[in-house]
Amino acid sequence: MAGPRQTSADKAATPAVEIDGARVLVVEARFYDKYADELLAGAMAALEEAGCRVDVVTVPGAYEAVVALGTVIRGETGHYDIVAGESSRALMDLSVAFALPLGNGILTVENEAQAWARANREDMNKGGGAAEAALAVLRYKRSLAEPSQ
C-alpha cells in the first residue's frame with residue numbers, strides 16, 4: 001500500500017519536476033465493483049490533476065508508471081492469504097525488474113466496512129494515495145534523468 005496520506009508539507013519534499021503528459025497505466029481488478037469504482041475515481045482524480053495521460057486496463061504494458069487497484073476481502077478459506085501476499089510480491093517484482101514507479105492500491109481487508117473506508121475518496125482515498133505514490137517516484141526518476149544545472 002502507498003502508506004500514510006501526505007500533507008501539503010510532505011509533498012513539498014517531492015522534487016518539483018514537470019510530469020504533465022506522463023503516461024500512467026492503471027491496472028484494476030473488478031471483483032468488487034463498488035470498491036473498484038471508488039478506487040479508480042480517486043486514482044483518476046489525482047492523475048488528472050497532475051496532467052497525466054491515463055490508460056485503464058487489466059494487464060500491464062510498457063508505461064512510465066503503474067497504479068494497481070483492487071480489493072481482497074478475507075473469506076472463509078486461505079485464498080485471501082495467497083491473493084494478498086502474491087499480488088503484493090508480484091507488483092514489487094515488476095517494479096524492481098523494470099524500474100517502474102508503482103503505486104500499490106490493492107486493499108487487503110477483513111470486511112466490507114474496512115474496504116469502503118479505504119476506497120472512499122472522502123475517507124482514506126487509497127486509490128488517490130496509490131496514484132500519488134507512483135507520481136512521487138516518477139518525479140524522482142525524472143529528476144535523476146535531468147542534466148545537472
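Above this note sits the structure.
For clarity, every value in this text was computed on a predicted model and none was experimentally measured. (Residues numbered from 1 in each chain as written. Predicted model: local features only at pLDDT ≥ 70, side-chain atom pairs only at ≥ 80, totals over all residues. Heavy atoms only, no water.)

Description of the side chain of R139
In step 1: Its location among the elements puts R139 in helix α5 (residues 126–145).
In step 2: No salt bridge is formed by the buried R139; the nearest opposite charge belongs to E132, separated by 4.7 Å.
In step 3: Not counting residues up to four positions away in its chain, the partners in contact with R139 are T14, P15, V17, I19 and A50. (Helix = DSSP H or I, 4+ residues; strand = E, 2+ residues; numbered from the N terminus. Buried < 20%, exposed > 50% of the residue type's maximum accessible area, 1.4 Å probe, protein only. Lys, Arg positive; Asp, Glu negative; His and termini not counted. Salt bridge = Lys/Arg side-chain N within 4 Å of Asp/Glu carboxyl O. Contact = heavy atoms within 4.5 Å.)

Quick word on the environment of L135
In step 1: Position of L135 relative to the elements: it lies in helix α5.
In step 2: Every residue in contact with L135, bar those within four places of it in the chain, is listed here: I19, A46, L47, A50 and C52.

Some thoughts on helix α2 (residues 33–49)
In step 1: Given a rise of 1.5 Å per residue, 17 residues ought to cover 24 Å, and the 24 Å separating the end C-alpha atoms of α2 matches this to within 8%.
In step 2: Buried within α2 we find Y35, A36, E38, L39, L40, G42, A43, M44, A46 and L47.
In step 3: On its buried face, α2 is in contact with β1 (23–28), β2 (53–57), β3 (65–73), β4 (102–109), α4 (112–119) and α5.
In step 4: After α2 finishes, the residue G51 shows a positive phi value of roughly 80 degrees. (Expected span 1.5 Å × (residues − 1).)

Notes on α4
In step 1: A115, A117 and A119 are the residues of α4 that are buried.
In step 2: Residues of α4 that are buried make contact with α2, β3 and β4.
In step 3: A side-chain oxygen of the first residue of α4 lies 3.2 Å from the backbone nitrogen of A113; this N-cap is N111. (Polar contact = N/O pair within 3.5 Å; in protein donor to acceptor, adjacent residues only side chain to side chain.)

Notes on the packing of aromatic side chains
To describe a pair of aromatic rings, you give the distance between the ring centres and the angle between the ring planes.
In step 1: All told, the structure shown has 2 aromatic pairs when counted by the stated rule.
In step 2: Relative to Y35, the ring of Y32 has its centre 6.0 Å away and its plane inclined at 55 degrees; by these criteria the two rings are tilted.
In step 3: With centroids separated by 6.5 Å and ring planes inclined at 45 degrees, the aromatic side chains of Y35 and W116 adopt a geometry described as tilted. Of this pair, Y35 sits in helix α2 while W116 is found in helix α4, placing the two residues 81 residues apart along the sequence.
In step 4: Aromatic ring contacts, followed pair by pair, group Y32, Y35 and W116 into a single cluster.
In step 5: Positioned over the ring face of W116 is K34, at 5.4 Å from the centre of the ring. (Phe/Tyr/Trp six-rings, centres within 6.5 Å; stacked < 30°, edge-to-face > 60°. Lys NZ or Arg CZ within 6 Å of the ring centre and 35° of its normal.)

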